[in-house]
Amino acid sequence: MDLHVWSVIFSSLCIAIGAFGAALAQGRSIVAALEGIARQPQSAGEIRTTMIIGLALIESLAIYCLVISLILLFVRW
Amino acid sequence: MFNIISNVNLSAMLASVETTVHGAANAIQETASVALTHGASAASEHAAAAEKSMIDPSIILNRHWIASTFESVGGHHFVVVIMSVIVIIFLAVLFYLATRNMAVREISPLQNFVEMIYEALDGYVVNMMGPVGRNFIVLIGSFFIYILLSNLLGLVPGLESPTANLNTTAALALVTFFAIHYYGLKTQGLKYLKHFAGDIWWLAPLMIPIHLIGELARPLSLSIRLFGNIRGEDIALCILFFLGAAANFPFFHLPMMFLACFTSLIQALVFTMLTMAYISGALPHEEHDHEDGEAHGDKEKAHIH
């Protein structure tokens, strides 16, 4: 097949797998944070800020996948 | 493919720090923008070859009309500078007007608004870093306001986010990077360098490269996170907009617009929050608290015994 077709296929695979992993990880972290908040509502602020930092770090992996898939898509191979 | 590799290699091999920084940012940006423009032209060629698609896909990713206006002046990199200057001028005029006639009794609405922003930022920074954070409120607040406004600028038709470009975000992340080490060295002196070696002295040859790579990964992840989020959001908006136009269904992109407002705020929050976390990690009180806590614990044990 043409290299362009391969790059389209693998860019979509890249963002799909990356988003899958990041979604799983973010779901787990949000579950843990919500359990913590439900147990100790007075420490909701600290838990929320820490959770957002963690979510940002996890999300950056998905963003790397997005960047790589954009490169795969839009570079003329 | 070889283009990217040669660019990255070239930029990695550049000798001086300044040129490395500049070259790396430029190389990444050039590959990205070249990729985008090439991709657009390739896509338009594909579309011309197929002659099936209703809308030329190159419109979506093509460069801006302002960029084409200034193509002769500075090429397509120039549009980011214009958008950035728009944000800067707006902020400067706003804050100049707000602080021109400051009063205690009869507060003008504008001053009230700006004070509200400042108080919110103050509470945010102090909540995150403790009372020490008041020293950094200028840096953090500027980051927050500038990033938020730049993110939101991309939602206005005809304008483009300055943060949807790796040059801007890399500049912001480099400011963060140097601020971390500046404040670390300023407050801790040479003890700050010692923490790169880790706690156990014979693991130092292993820990120093790990710490150095970790430090260098911070500006990379900060800049690429912001760039990727905003650029991806803009591309998604564009695609949805043209999808709606193709299906004769206007305002198809409206839900994405609300989501984009939300992510703009979230990304500004995340950038400043990570900056604060990094800076407060470089400040001395954290580790001293730990050590002091242990010492106090020992003392308390001694007292108990």
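The written sequence of each chain sets the order in which its residues are numbered from 1. To read the labels, note that chains go from A and ligands from 1, taken in the order they are written. At least 70 in pLDDT is required for a residue's local features to be given in this predicted model, at least 80 for side-chain atom pairs to be given and counted, and no such filter applies to totals for whole chains, interfaces and linings, which use all residues.

Novice: Please give an account of the overall build of chain A that cites residues and values.
Specialist: Helix and strand definitions here come from DSSP, where helices need a minimum of 4 consecutive H or I residues and strands a minimum of 2 consecutive E residues; each element is numbered from the N-terminal end. Looking only at helices and strands, chain A features two helices and zero strands. We compute the radius of gyration over the C-alpha atoms and compare it with the globule rule, which gives 2.2 Å times the number of residues raised to the power 0.38. Its C-alpha radius of gyration of 17 Å places chain A more than 25% over the 11 Å reference for a compact globule of 77 residues. By its C-alpha atoms, chain A is 60 × 15 × 10 Å across when sized along the principal axes. Within chain A, buried positions represent 21% of all 77 residues. Within chain A, contacts between residues at least 6 apart in sequence are counted, and of these 82% link residues at least 24 apart. Buried means a residue has 20 or more other C-beta atoms within 10 Å of its own C-beta, exposed means 12 or fewer, and partly exposed covers the counts in between; C-beta atoms are placed from the backbone. For the purpose of contact definition, each residue receives a C-beta atom placed from its backbone, and two residues are in contact when these atoms lie within 7 Å.

Novice: Please give an account of the packing of helix 7 (residues 109–129) of chain B against helix 12 (residues 254–282) of chain B that cites residues and values.
Specialist: All names here are of chain B. Only the stretch in contact is used when fitting a helix axis, every axis being a line fitted to C-alpha atoms; angles between N-to-C directions are given from 0 to 180 degrees. Contact pair helix 7 / helix 12: the axes reach a minimum separation of 10 Å and the direction vectors enclose 40°. Here helix 7 is positioned oblique relative to helix 12, judged by the angle of their axes. Crossing handedness for the pair helix 7 and helix 12: right-handed. Contact residues: helix 7 offers Val125, Met128 and Met129, while helix 12 offers Met273, Met276 and Ser280. Residues were grouped as follows: Ala, Val, Leu, Ile, Met, Phe, Trp, Tyr, Cys and Pro as nonpolar; Asp, Glu, Lys and Arg as charged; and all remaining residues, including Gly, as polar. Tallied by class, the residues present in the contact of helix 7 with helix 12 amount to five nonpolar, one polar and no charged. Geometric relationships in this document are graded by angle, where less than 35 degrees denotes roughly parallel, more than 145 denotes roughly antiparallel, 65 to 115 denotes roughly perpendicular, and other angles denote oblique. Each crossing is labelled by how the near helix is turned from the far one, with a counterclockwise turn of less than a right angle marking it left-handed and a clockwise turn marking it right-handed.

Novice: Residues and numbers for unusual backbone geometry, please.
Specialist: Even without being a glycine, Asn248 of chain B presents a positive backbone phi close to 55°. Structurally, Asn248 of chain B is set in the loop between helix 11 (204–246) and helix 12.

Novice: I'd like a description of the confidence of the model for chain B, backed by residues and values.
Specialist: Low pLDDT marks regions whose predicted coordinates should not be analysed in detail. Residue and element names in this part refer to chain B. Per-residue confidence from the predictor is reported as pLDDT, which spans 0 to 100. Considering every residue of chain B, the mean pLDDT works out to 74; 68% of them sit at 70 or more. Taken element by element, the predicted model of chain B shows its lowest mean pLDDT in helix 1 (residues 2–13) (35) and its highest in helix 8 (residues 137–153) (94). Confidence drops under pLDDT 50 across residues 65–74; counting only partners more than four residues distant or on other chains, this segment forms 10 contacts. Contacts of residues 287–305 to residues separated by more than four positions or lying in other chains number zero contacts, the stretch itself having pLDDT below 50. Of the two predicted TM-score estimates for the complex, the pTM is 0.71 and the ipTM is 0.73.

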